[in-house]
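# Residue-level structural notes
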Amino acid sequence: MALSIEQLTTFTTIAKAGSLGRAAALLNMTQPALSRAIKRLEQQLGAELFERHSKGMQLTDIGRAFLPHATSLHVEATQALEEIQALRGAAKGTVRVGAVASIASSILPPAIERTLTKWPGLHFEVFEGVWDLLAASLSKHEIDLALGADAPDTDEIVAIRDCCWEDTSHVIVSSGHPLRRRRKLTLADTLHEKWTIPPPGTGPHQHVERVFAEQGLGMPDVIVRTRSITVLKSLVVDSGFLSWMAEPMFEPERRAGLIAPLSIAGVDGRRRLVAFRRRRGLLAVPAVKLLDELRRLTSVGSRKR
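Rules used throughout
Residues numbered from 1 in each chain as written. Predicted model: local features only at pLDDT ≥ 70, side-chain atom pairs only at ≥ 80, totals over all residues. Heavy atoms only, no water. UniProt positions renumbered as here; feature names shortened; annotations may be inferred. Helix = DSSP H or I, 4+ residues; strand = E, 2+ residues; numbered from the N terminus. Buried < 20%, exposed > 50% of the residue type's maximum accessible area, 1.4 Å probe, protein only. Contact = heavy atoms within 4.5 Å. Lys, Arg positive; Asp, Glu negative; His and termini not counted. Charge placed at Lys NZ, Arg CZ, Asp CG, Glu CD. Core = buried A, V, L, I, M, F, W, Y, C linked by side-chain atoms within 4.5 Å. Salt bridge = Lys/Arg side-chain N within 4 Å of Asp/Glu carboxyl O. Phe/Tyr/Trp six-rings, centres within 6.5 Å; stacked < 30°, edge-to-face > 60°. Axes fitted to C-alpha atoms, helices over the stretch in contact; angles between N-to-C directions. Parallel < 35°, antiparallel > 145°, perpendicular 65-115°, else oblique. Left-handed = near helix turned anticlockwise from the far one by under 90°. Nonpolar A, V, L, I, M, F, W, Y, C, P; charged D, E, K, R; others polar. Pairing = 2+ DSSP bridges.

The chain has the name LysR family transcriptional regulator in an unreviewed UniProt entry, where Bradyrhizobium agreste is given as its organism. UniProt lists a comment for the chain under the heading Function (unreviewed entry), and it reads "NodD regulates the expression of the nodABCFE genes which encode other nodulation proteins. NodD is also a negative regulator of its own expression. Binds flavonoids as inducers." Quoted verbatim from the Sequence similarities (unreviewed entry) field of the UniProt record, the comment on the chain reads "Belongs to the LysR transcriptional regulatory family."

The next subject is the overall build of the chain. On a plain count of helices and strands, the chain comes out with 11 helices and 11 strands. Across the 305 residues in the chain, those meeting the buried criterion constitute 45%. Long-range contacts, defined as pairs at least 24 residues apart, comprise 73% of the intrachain contacts of the chain with a sequence gap of at least 6. Averaged over its 40 positive side-chain charges, the chain has a centre that lies 3 Å from the centre of its 33 negative ones.

Within the largest apolar cluster, 36 residues are counted, with the highest numbers of intra-cluster contacts made by I103, L108, W131, L145, L147, F276 and L290. When residues of this core are traced back to their parent elements, those giving at least two are β3 (94-99), α5 (101-104), α6 (108-118), α7 (131-139), β5 (145-149), β6 (157-174), β11 (270-278) and α11 (285-304). Beyond its immediate sequence surroundings of up to four residues, L290 is in contact with V95, V97, L108, A111, I112, T115, F124 and L145.

Turning to the UniProt feature "domain: HTH lysR-type" (unreviewed entry) in the chain, a few remarks are in order. Here, the residues flagged by UniProt with the feature "domain: HTH lysR-type" (unreviewed entry) are residues 3-60. This span, residues 3-60, is 62% helix and 14% strand, and a straight line between its end C-alpha atoms measures 19 Å.

Attention shifts here to the pattern of salt bridges. Tallied over the entire structure, the rule returns 20 salt bridges. Where R114 meets E293, a salt bridge forms, and the shortest distance between an N and an O atom there is 3.2 Å. Residue R114 is found in helix α6, and its partner E293 is found in helix α11; the two are separated by 179 residues along the sequence. Here R114 falls in the partly exposed class, since its relative accessible area comes to 34%. Looking at E293, the relative accessible area reads 3%, which means it is buried. Close ionic contact of R254 with E251 constitutes a salt bridge, the shortest N to O distance being 2.9 Å. Taken together, the residues R254 and E251, both in helix α10 (residues 247-255) and three residues apart, mark about one turn of the helix. On the basis of relative accessibility, which here comes to 31%, the residue R254 falls in the partly exposed class. The class of E251 is partly exposed, set by a relative accessible area of 24%. Several salt bridges converge on common partners, so that one network encompasses R114, K118, E293 and R296.

A few words now on the packing of aromatic side chains. Inspection of the entire model under this criterion finds four aromatic pairs. Each ring, one from F11 and one from F50, has its centre 5.5 Å from the other, and the planes form 55°; the classification is tilted. Here F11 is found in helix α1 (residues 5-17), whereas its partner F50 is found in strand β1 (residues 50-53), with 39 residues between them in sequence. When sorted by exposure, F11 lands in the same class as F50, which is buried. On the numbers, 5.8 Å between centres and 75° between planes, the contact of W195 with F212 is edge-to-face. Of this pair, W195 sits in strand β7 (residues 195-197) while F212 sits in helix α8 (residues 203-214), and the two are 17 residues apart along the sequence. In terms of burial, W195 and F212 fall into one category: buried. Among the aromatic side chains, those forming a connected cluster through ring pairs are F11, F50 and F66.

The next point concerns the packing of α1 against helix α2 (residues 20-27). Interhelical geometry of α1 versus α2 gives an angle of 130° and a closest axis separation of 8 Å. As the angle between them shows, α1 and α2 are arranged oblique. As α1 runs across α2, the sense of the crossing is right-handed. Taken together, the residues of α2 that come into contact with α1 (itself represented by T9, T10, T13, I14 and A17) are L20, R22, A23, L26 and L27. Across the contact of α1 with α2, the residue classes break down as six nonpolar, three polar and one charged.

Covered by surrounding structure in strand β9 (residues 243-246) are S243 and M245 together with W244 and A246, the residues of both alternating faces. The pairing of β6 with β9 spans four bridges and is classified as antiparallel. Across the sheet, residue S169 finds its bridge partner in β9, namely A246.

Our focus in this paragraph is the packing of α2 against helix α3 (residues 31-45). At a closest axis distance of 9 Å, the pairing of α2 and α3 adopts a crossing angle of 100°. What the angle tells us is that α2 and α3 run roughly perpendicular. Touching L20, G21, A23, A24 and L27 of α2 are Q31, L34 and S35, all from α3. Each residue belonging to the contact of α2 with α3 can be placed in one class, and the counts come to five nonpolar, three polar and no charged.

What follows is the structure, encoded as structure tokens:
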């Protein structure tokens, strides 16, 4: 059974919009034309995909089962056309990449710059976030690549393990925090301080758990949990909190004399960072170009270490 890009677009747009009116506005179509188009698709499939209500369109059980397949087909078909047009010089490709904050503020910008030097027609959409949200966005085809801490492969996403590098995280405090005057500081000395870190399930939280467990310690007293890097830094600088952060994320504040890492015996904050892609489907050519530059930059970095 052959499905056109237009049919896939129609179905996925209605499913996302939840009504013919909103979908028609998004597709620049009239509601009757859109209704006829989805009816023809249902006749072709031999099953109803939507239940029609006065307040909108709701997916049937068959429609819900069809949605992830239609979404995947639509994204891959659109990317295929985009790649062909880009290779012919008839269009500009777009790379959608998500990254955790330490990567978004360090290696990703020079990788984009190098990619644009070779492919000046490309455009980039960059999403910064914690890993659980990036992984979900990658699975849902909202981004093409996700850059984060090494993690097990899943049924949906896999690591590109020849594109990997390291960074180092530290316990950070304000430059005037009393712990900076302590000699022979141990991780246990931080247990009863005020801590602020991202919530459970995020990469930084898991990293902190692992570091404390390696010292035979439980978790510190985490008073504030937040995904906001701005809030984390503000609590450290202005309110005497401790936090855990990768070097690139607090480097501007360290240069300004606002934040400093604690030197703690036995604490190894290194972690492995990796690029991830979806398990199924081809990686779009523009995303491959960015991945190539990430590989070159990380291989240079690995030789320097």
